[in-house]
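Chain and residue survey
Next come the chains, spelled out residue by residue.
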Amino acid sequence: MALSIISCRNTSTQQVTLEIDKAKQQAIVNKYLIDSAQQYSYYSKEWQKYIDMGLKEDSTIAYLWQQKAMPLFKQGKYELGMKYLDKAVLYDKDNYLNYRGFIKCIFAKTYREAIVDFEEAISRHGDSHVMDHSYRFYIALSLLQLNEFEKAEAILKEVVDKMLQERGEEWVHHLELFYYGISQYEQGKYEAAVITFDRALKRYEQFSDVKYYQAISMAHLGKLEDATALLEEARVNREKGYTINEDNVIYERYPYQIRFDKDSLFQ
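Residues numbered from 1 in each chain as written. Predicted model: local features only at pLDDT ≥ 70, side-chain atom pairs only at ≥ 80, totals over all residues. Heavy atoms only, no water.

**Things to note about the overall build of the chain**
How we decide: Think of it this way: any DSSP run of H or I at least four residues long counts as a helix, any run of E at least two long counts as a strand, and we number them from the N terminus. Note on exposure labels: buried denotes an accessible area under 20% of the residue type's maximum, exposed denotes more than 50%, and partly exposed covers the range between, all computed with a 1.4 Å probe on protein chains only. Accessibility throughout is a Shrake-Rupley quantity obtained with a 1.4 Å probe, and a residue counts as covered only by protein chains that appear here. None of His or the chain ends enter the tally, which takes Lys and Arg as positive and Asp and Glu as negative. Working definition for charges: the position is that of NZ of Lys, CZ of Arg, CG of Asp or CD of Glu.
In terms of helices and strands, the chain carries 12 helices and six strands. For the chain, the C-alpha atoms occupy an extent of roughly 70 × 40 × 30 Å along the three principal directions. Burial status across the chain gives 48% buried among its 267 residues. Summed over all atoms, the accessible surface of the chain reaches about 13,800 Å², with 48% contributed by carbon and sulfur. When the 35 basic and 41 acidic side-chain charges of the chain are each reduced to a single mean position, those positions are 5 Å apart.

The following block contains the structure:
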């Protein structure tokens, strides 16, 4: 395999251009990942051993670097995992830059770095999707975590309005409405937040986290009786497991997801 171009000094932004023998690389993936590593748990030593064997044969296979990194993030070993994920981006930025942005936003929680990755991904290919949501959604989520609420609100409004115009209200995702409402709630726009949270509940009526923040918003508006009743609904729904339902929520608590303890209600 010939290395033809290397550019940039920083590993996080470095990329390479390779003359790739795709058939040969796929054979290595089949031998060491599909037929070997995948016979074990991805938390096992065998998983890492076989992937390392594949990378020893060809260290430029981005998919193997990503597969080496993935279980480490799920174990909370973010710094180590990012070392390997950076290699995946190095060898295949088109396919792994957006994934790294997602990992930085949801797992590693390095929000400014996540924004940089997603902005570059948008500049390269437009506002596409990763893990069911747009790049701009994850930028807005990162901005919420950086307390840049006004900027987050503006982006989330665009995300929600775009889907509304293109597909209709029923296609607007409840999680996007949740965070849109949060951006309003954080700015003290309680009436607007209540309306947005209502829209989220029409999509996912047992969504306990929405009900929790809607109850707080109602309390700020002086609607204490309604707020108390809604908070009790939130407690019951949360106790039954109705919370953020993204696939990766089993590994990571999402921004603004309520910590729940049945003995002390919410934490």
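**Focus: the nonpolar core**
Put simply, the test is: For the purposes of this section, nonpolar cores are sets of buried Ala, Val, Leu, Ile, Met, Phe, Trp, Tyr and Cys residues that join through side-chain atoms within 4.5 Å. Residues count as neighbours in contact if any of their non-hydrogen atoms are within 4.5 Å of one another.
Counting 72 residues, the largest nonpolar core has Phe-102, Tyr-138, Leu-144, Phe-178 and Tyr-179 as the members making the most contacts within it. Once residues within four sequence positions are removed from consideration, Leu-144 is found in contact with Phe-149, Ala-152, Leu-156, Tyr-179, Ile-182, Ser-183 and Tyr-256. Among the nonpolar cores identified, the runner-up in size contains five residues, and Ala-215, Met-218, Ala-227 and Leu-230 belong to it.

**Remarks on the packing of aromatic side chains**
The cut-off we apply is this: Within 6.5 Å between ring centres, the rings of Phe, Tyr and Trp (the latter by its six-membered ring) count as paired, and their orientation is classed by plane angle as stacked under 30 degrees, edge-to-face over 60, tilted in between. Working rule: Lys NZ or Arg CZ, within 6 Å of ring centre, within 35 degrees of ring normal, means a charge sits over the ring.
The tally for this structure, following the rule as stated, stands at 19 aromatic pairs. Plain terms: the ring middles of Trp-65 and Tyr-84 are 6.0 Å apart, the flat faces sit at 20 degrees to each other, and that makes the pair stacked. Highlighted residues: Trp-65 in helix 3 (residues 62-74) and Tyr-84 in helix 4 (residues 78-91), separated in sequence by 19 residues. With relative accessibility at 14%, the residue Tyr-84 sits in the buried group. Ring centres 6.0 Å apart and planes at 50 degrees place the aromatic pair Phe-178 and Tyr-213 in the tilted group. A residue pair is termed long-range when its members are at least 10 positions apart, and Phe-178 in helix 9 (residues 174-186) and Tyr-213 in helix 11 (residues 208-220) qualify at 35 residues. Residue classification places Tyr-213 among the buried residues on the basis of a relative accessible area of 9%. Lying over the aromatic face of Tyr-50, Lys-49 brings its terminal NZ or CZ to 4.6 Å of the ring centre. The ring of Trp-65 carries Lys-87 above its face, with NZ or CZ at 5.8 Å from the centroid.

**Thoughts on the side chain of Ser-183**
Of note, Ser-183 is situated in helix 9. Excluding anything up to four places from it in sequence, Ser-183 contacts Leu-144, Phe-149, Ala-152, Glu-153 and Leu-156.

**Remarks on helix 12 (residues 224-239)**
As a reminder of what qualifies: An expected span of 1.5 Å times one less than the residue number is assigned to each helix. Along the arc lie the directions from the helix axis toward the C-beta atoms.
In this model, helix 12 (16 residues) spans 22 Å end to end at C-alpha, consistent with the 22 Å of a helix rising 1.5 Å per residue. Where helix 12 is concerned, the buried positions are Ala-227, Leu-230, Ala-234, Arg-235, Asn-237 and Arg-238. Along the long axis of helix 12, the arc covered by the buried residues comes to 165 degrees, so they all point the same way. Residues Glu-225 and Thr-228 are exposed on helix 12 and point more than 90 degrees away from its buried face. Positive phi shows up at Gly-241, right after helix 12, with a value of about 95 degrees.

**Notes on the environment of His-220**
With respect to the secondary-structure elements, His-220 resides in helix 11. It is 27 Å that separates the C-alpha atoms of His-220 and Gly-241, two residues lying 21 residues apart in sequence.

**Considerations on the pattern of salt bridges**
Filter applied, for reference: By convention in these notes, a salt bridge is any Lys or Arg side-chain nitrogen within 4 Å of a carboxyl oxygen on Asp or Glu.
All chains considered together, the criterion is met by 18 salt bridges. For Asp-117, the salt bridge goes to Lys-104, with nearest N and O atoms at 3.2 Å. Pair noted here: Asp-117 is in helix 6 (residues 111-125) and Lys-104 is in helix 5 (residues 93-108), with a separation of 13 residues, a long-range link. With its nearest N and O atoms 3.3 Å apart, the salt bridge here joins Lys-151 to Glu-148. Take Lys-151: its relative accessible area is 52%, and that puts it in the exposed class. Salt bridges sharing common partners tie together Asp-86, Arg-100, Lys-104, Glu-113 and Asp-117.

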